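Here's the letter readout for the chains.
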Amino acid sequence: DVVPVAAGEWTSDPFALRAAEGRLYGRGACDMKGFIAACLAMAPRFAAQPLARPLHFALTYDEEVGCFGAQHLVSGLRQAGIAPAVAIIGEPTDMRVIEGHKGCHEYTTRFSGREGHGSDPGAGVNAVEYAARFIVRLLELRDDLKSRAPRDSRFVPPWSTVQVGQIAGGSARNVIAGHCAVDWELRPVNAADAAHATGTMRDFAQAVLLPAMRAIAPEASIETEVIAEVTGLEPVSTSEARAIAFALTGAESAGLVPFGTEAGLFQAMGMSAVVCGPGSIAQAHKADEFVSLDQLSRCLGMLEGLVPRIAA
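What comes next is a walk through the structure. (Residues numbered from 1 in each chain as written. Predicted model: local features only at pLDDT ≥ 70, side-chain atom pairs only at ≥ 80, totals over all residues. Heavy atoms only, no water.)

1. Some thoughts on a nonpolar patch on the surface
Note the threshold: Residues enter a patch when their relative accessible area is above 30% and they make no salt bridge; the linking distance is 9 Å between like charges and 5 Å between nonpolar side chains (Val, Leu, Ile, Met, Phe, Trp, Tyr). For the area figures, the Shrake-Rupley method with a 1.4 Å probe applies, and any residue is considered shielded solely by the protein chains shown. The salt bridge definition used is simple: a Lys or Arg side-chain nitrogen within 4 Å of an Asp or Glu carboxyl oxygen. Working definition: helices are DSSP H or I runs of at least four residues, strands are E runs of at least two. Numbering for both runs from the N terminus. Throughout this description, buried means an accessible area under 20% of the type-specific maximum (1.4 Å probe, protein chains only), exposed means over 50%, and partly exposed covers the range between.
Together, Leu51, Leu55, Phe57 and Leu59 make up a nonpolar patch on the protein surface, roughly 340 Å² of accessible area in all. The residue Phe57 is located in the loop between α1 (29–47) and α2 (68–80) in this model. Of the residues examined, Phe57 reaches a relative accessible area of 38% and is grouped as partly exposed.

2. Focus: the pattern of salt bridges
Under the criterion given, the structure shown has 11 salt bridges. A salt bridge links Arg27 to Glu289; its shortest N-O distance comes to 2.8 Å. In this pair, Arg27 sits in the loop between β2 (23–25) and α1 while Glu289 sits in the loop between β12 (272–275) and β13 (290–292), placing the two residues 262 residues apart along the sequence. Given the relative accessible area of 10%, Arg27 is considered buried. Residue classification places Glu289 among the buried residues on the basis of a relative accessible area of 1%. Through salt bridges with shared partners, one network takes in Glu99, Arg154 and Arg242.

3. Points about the sheet that holds strand β7 (residues 161–169)
So the rule is basically this: Note on pairing: two strands pair once DSSP finds at least 2 bridges between them. Every axis in this analysis is a line fitted to C-alpha atoms, fitted for helices over the stretch in contact. Angles between the N-to-C directions lie between 0 and 180 degrees. Whether two residues touch is decided by their heavy atoms; if any such pair falls within 4.5 Å, the residues are in contact.
The four strands are arranged β7-β9-β5-β10 in an open sheet whose pairing can be described as antiparallel. With one partner strand each, in any of the chains shown, β7 and β10 (221–230) form the two edges of the open sheet. Averaged over all pairs of adjacent strands, the angle between strand axes in this sheet comes to 15°, irrespective of strand direction. In the sheet, β7 pairs with strand β9 (residues 179–187) via eight bridges, with the strands oriented antiparallel. When the bridges of β9 are listed, Gly169 appears paired with Cys180. With respect to the sheet, helix α3 (residues 127–147) is in contact with β5 (104–112), β7 and β9, its orientation differing from that of β9 by roughly 10°.

4. Structural notes on the side chain of His101
Note the cut-off: We call two N or O atoms a polar contact when they sit within 3.5 Å, provided that within protein one can donate a hydrogen and the other can accept it, with sequence-adjacent residues counted only if both atoms are side-chain atoms.
With respect to the helices and strands, His101 occurs in strand β4 (residues 98–101). In this structure the side chain of His101 is engaged in a polar contact, spanning 2.8 Å, whose partner is the side chain of Thr261.

5. Focus on the nonpolar core
Under the convention used in this document: Residue types Ala, Val, Leu, Ile, Met, Phe, Trp, Tyr and Cys, when buried and joined through side-chain atoms within 4.5 Å, form a set referred to as a nonpolar core.
Ranked by internal contacts, the top residues of the largest apolar core, which has 27 residues, are Phe111, Phe134 and Trp184. Within the residue set of this core, elements represented by two or more residues are β5, α3, β9 and α4 (191–214). If we ignore the near neighbours within four places in the chain, the residues touching Phe134 are Thr109, Phe111, Trp184, Met201, Phe204, Ala205 and Leu209. Cys67, Ala70, Ile89 and Met269 belong to the second largest nonpolar core, which has 19 residues in total.

6. Some points on the packing of aromatic side chains
Put simply, the rule is: Only Phe, Tyr and Trp rings are paired, with Trp represented by its six-membered ring, and only when their centres lie within 6.5 Å; those with planes under 30 degrees apart are stacked, over 60 edge-to-face, the remainder tilted. Two limits define a charge over a ring: the Lys NZ or Arg CZ must be within 6 Å of the ring centre, and within 35 degrees of the ring normal.
With the rule as written, the count across this model stands at five aromatic pairs. Ring geometry for Phe46 against Phe57: centres 6.2 Å apart, planes inclined by 65°, an arrangement best described as edge-to-face. Here Phe46, found in helix α1, pairs with Phe57, found in the loop between α1 and α2; they are 11 residues apart in sequence, far enough to count as distant. For Phe46, a relative accessible area of 5% translates into the label buried. In textbook terms, an aromatic cluster arises when at least three aromatic residues are bridged by ring pairs, as seen for Tyr107, Phe111, Phe134 and Trp184. Between the NZ or CZ atom of Arg18 and the centre of the ring of Tyr25, over which it lies, the distance is 4.3 Å. Directly above the aromatic system of Phe290 lies the positively charged group of Arg23, at a separation of 4.0 Å from the ring centroid.

Purely spatial values, then, with no claim about function.
Below is the structure:
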């Protein structure tokens, strides 16, 4: 589960590990195969222990495109009646203990209008134009969400954010566009903002845009596909995961990050969860991605510290 590689940007083969100057280079080395490698290196040590408390490794898929693997895992755990107590998610945090992050909701809204000759725009329904109006409303919503920032929010930025990633539609400049799709995302600081944002855009599409489209083309439609709605990790006053991570790393405080992880999914099913792993998010999703040997050593030290805590 890694992001794509742009041709020509890497100085070495991104899919062949390269060691140089205390760093390990490769796509995914930081995000987050370094943590997986550390876990696998420790597996024989854990397996040799008579454990008083069970320890599990969960390797999930498609985190980058919607945390689909973690959602599948959580569903399976619920069905099986299995309820782990603590989860440590090894995303790159420079081995800092992270107790909170925003959610990540991803959507594609598709507009279907009626094609026609560009010389008579009123005879058709231009899907691109209605998509543009939808985007304008998204930008207005973005400003609205700023005003809803919780007074005690520790996030950067402190409010929920909206971002438009892609728009695609139309076939030629002299053809009324029959179809258009908008890819957008919402990163809420809380569930209330998520409900407010999605409800606002749903109502605008159904109550304002769609009636105007169907006044000309009854067959017109607006449909929003939910790509993923991954809940955030909410900081809590009492956290066993945070206490364990403090004991293992020597940290005395926990932070927040703006990027999303699978931690919120595990928290939502009742686990105490934190994020702590080797490498810096500043190296993720870019050319010549790397994780330092020092970070991997610190991660191994954290995992080594688990042994006396779970051994019989």
